[in-house]
Amino acid sequence: MMIKEKLTPFTEINREAGHYIAGGVVSINRKVSPQIVFIKGKGSKIYDVTGKEYIDYHAGFAPYLLGHNFKKINDAVLEVIKSEWSLMGSGTNPLEIKLARLLCESIPSLELVQITNTGSEATAHAIRLARAWTKRDDIILTLGGYNGWHNEVARHVMPDLEEIGSRVSAGEYPFIASSSGIPESTKEKVHIVNFNDLESVEYVLKNYPVACLLTEPVLQNIGIVSPKPGYLQGLIDLCEKYGALCIFDEVKTGFRSALGGYQAVAGVKPHLSVFGKAVANGYPIGVIGGKKEIMDLFDSPDPAKRVLIAGTYTAHPINTAASIATIEFLKNPKAYAWIDKISNRLYKGLTNLFNEFGISFNLSTNASSFCVYFCEKTPDDLHDILENHDFKFDSIYRKALIERGIYHFPIPCKQGSISYAHSEEDIDITLAATREVLKSI
Ligand SMILES: Cc1ncc(COP(=O)(O)O)c(C=O)c1O
């Protein structure tokens, strides 16, 4: 079986997938060209069915902060299996208590947490909790943000400039759905404003009964768009002024920025936060947490106020053990010190190369997450990217790197993710390949 798979070209495997999987790939966001079929991941490398090795900067959409099949995480998972932990579905257990304690100790704004399987579940719960707390229905989201796949948040992450029109402030943008099947009544309750635009947030808060503002603290699904000084605290202050909740979606920034999340880096405390991805280094866990009085609604003595949170597989012992092992590893300051060191080696090398080749670029970074924009302006919002970034060059650049064994997700502006497993040699190979690419295009 293994030998047969190794000899099978991608096209045949993709064709077979199309016979059984709707769309030919599980999770349609993974449907990209080139259609490489990967079968193995170890440390900083991934391998396709032909055995070709790639240095991986996609990291499965960012969870692999420590690298693929990290031994300490695998050991923790194997230990859970060997000791016959199981999913009891009744009452609490020491494993989930330990995870909850570690999360509350690591992230200053978390007074209480609940666990989910995915980031999307966590954002859905956060919105419902905010609606229950405020008894209001409207929500504010950011243009260029991604918060999962459910109805309230499934807007186009990277719409065309013609679709959204030029920058409006103070004002809002239309909800351009990224899926059909979303009721108009849902869209009417969602207000989309630009990132780094406090005036528009206040405009919506003044004019509508807003339950919450939900945003990534750094936009990391259109590359890396950082908050301007004072913006995040400004959001929290505005929400407090108008009686709404400020929710940070740290599914991508959480743990990648620091163990305390980007909120710890920025020194701010949102009312609620959600986490995912790097929290369990590739195992499926989402987290929702925040202020005790709000989180207490999940078990309100008044059934009319109680907010439902449930899930057969939540805090599965395998994922829980993986998350505990991830946090325990990251508590050692040497872990982040290495990730920072190796990230800076790449950033310095890329900067030198783009300068040497006279390429108009902007390297945007947040700790081990990065994106090269092919334009000079540091983007403050989606408009800056749509107006200035060279999307065509970005596409060619990514595909040329992939051909040379450096795997970036082949869609312009998608975040690159560096892991603890990346070595100096990996970075130097990456830079040598980048040099070849820049020479050739
Ligand atoms: C910022 C952000 N929020 C939420 C999600 C949804 O998480 P999941 O894919 O685990 O449902 C993602 C996924 O990419 C994300 O990047």
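Here is a short report on the structure shown in this document.

What counts, and at which threshold
- Residues numbered from 1 in each chain as written.
- Predicted model: local features only at pLDDT ≥ 70, side-chain atom pairs only at ≥ 80, totals over all residues.
- Buried ≥ 20, exposed ≤ 12 C-beta atoms within 10 Å, placed from the backbone.
- Helix = DSSP H or I, 4+ residues; strand = E, 2+ residues; numbered from the N terminus.
- Arc of directions from axis to C-beta.
- Contact = placed C-beta atoms within 7 Å.
- Pairing = 2+ DSSP bridges.
- Axes fitted to C-alpha atoms, helices over the stretch in contact; angles between N-to-C directions.
- Core = buried A, V, L, I, M, F, W, Y, C linked by C-beta atoms within 7 Å.
- Domains from an automatic or database assignment.
- Near = placed C-beta within 6 Å.
- Nonpolar A, V, L, I, M, F, W, Y, C, P; charged D, E, K, R; others polar.

**A few points about helix α9 (residues 231–241)**
Along α9, the residues classified as buried are L232, L235, L238 and C239. One face of α9 carries all of its buried residues, which in axial projection span an arc of 125 degrees. Exposed side chains of α9 directed beyond 90 degrees from the buried face belong to E240 and K241. Against the buried residues of α9 lie α8 (198–207), β7 (210–215), β8 (245–250) and α10 (262–266).

**Structural notes on the sheet that holds strand β12 (residues 369–373)**
Read from one edge to the other, the open sheet built from three strands follows the order β11-β12-β14, with strand pairing classed as antiparallel. The open sheet is flanked by β11 (362–366) and β14 (416–417), the only strands paired with a single partner. Its contacts with the sheet put helix α13 (residues 333–356) on β11 and β12, and the angle it makes with β11 is roughly 170 degrees.

**Describing the nonpolar core**
A126, A130, C212, L213, L245, I247 and V287 are the most contacted members of the largest nonpolar core, which totals 108 residues. In terms of residue count, helix α5 (residues 119–134) provides more of this core than any other element does, seven residues in total. When residues are assigned to domains, this core turns out to be shared by domain 1 (32–61 + 333–440) and domain 2 (71–330), each giving three or more.

**A few points about the pairing of β11**
Alternating positions in β11 separate cleanly, N362, S364 and N366 being buried on one face and L363 and T365 remaining unburied on the opposite face. Pairing geometry for β11 and β12, over five bridges, is antiparallel. Bridge pairing in β12 links L363 to V372. The hairpin turn running from β11 into β12, its antiparallel successor, is two residues long, and A367 in that turn takes a positive phi close to 55 degrees.

**Describing unusual backbone geometry**
A cis amide bond links S33 to the next residue, P34, at an omega of 5 degrees. For P34, the location among the structural elements is in the loop between α2 (10–20) and β1 (38–42). Here the amide bond leading from S169 into A170 is cis, since omega sits at 0 degrees, within 30 degrees of zero. Among the structural elements, A170 can be located in the loop between α6 (161–164) and α7 (184–188).

**A word on the site of the ligand**
Lining the immediate environment of the ligand, one finds 14 residues, of which T118, G119, S120, G148 and V251 sit closest. It is α5 that contributes the most residues to the shell around the ligand, three residues altogether. Taken together, the residues that form the shell around the ligand break down as three nonpolar, eight polar and three charged.

**Remarks on the sheet that holds strand β2 (residues 45–48)**
Here we have four strands laid out as an open sheet, ordered β1-β2-β3-β13, and mixed in their pairing. Either end of the sheet is taken by a strand with one partner, and the two such strands are β1 and β13 (406–407). Here β2 pairs with strand β3 (residues 53–56) via three bridges, running antiparallel. Within the sheet, the bridge partner assigned to K45 lies in β3 and is I55.

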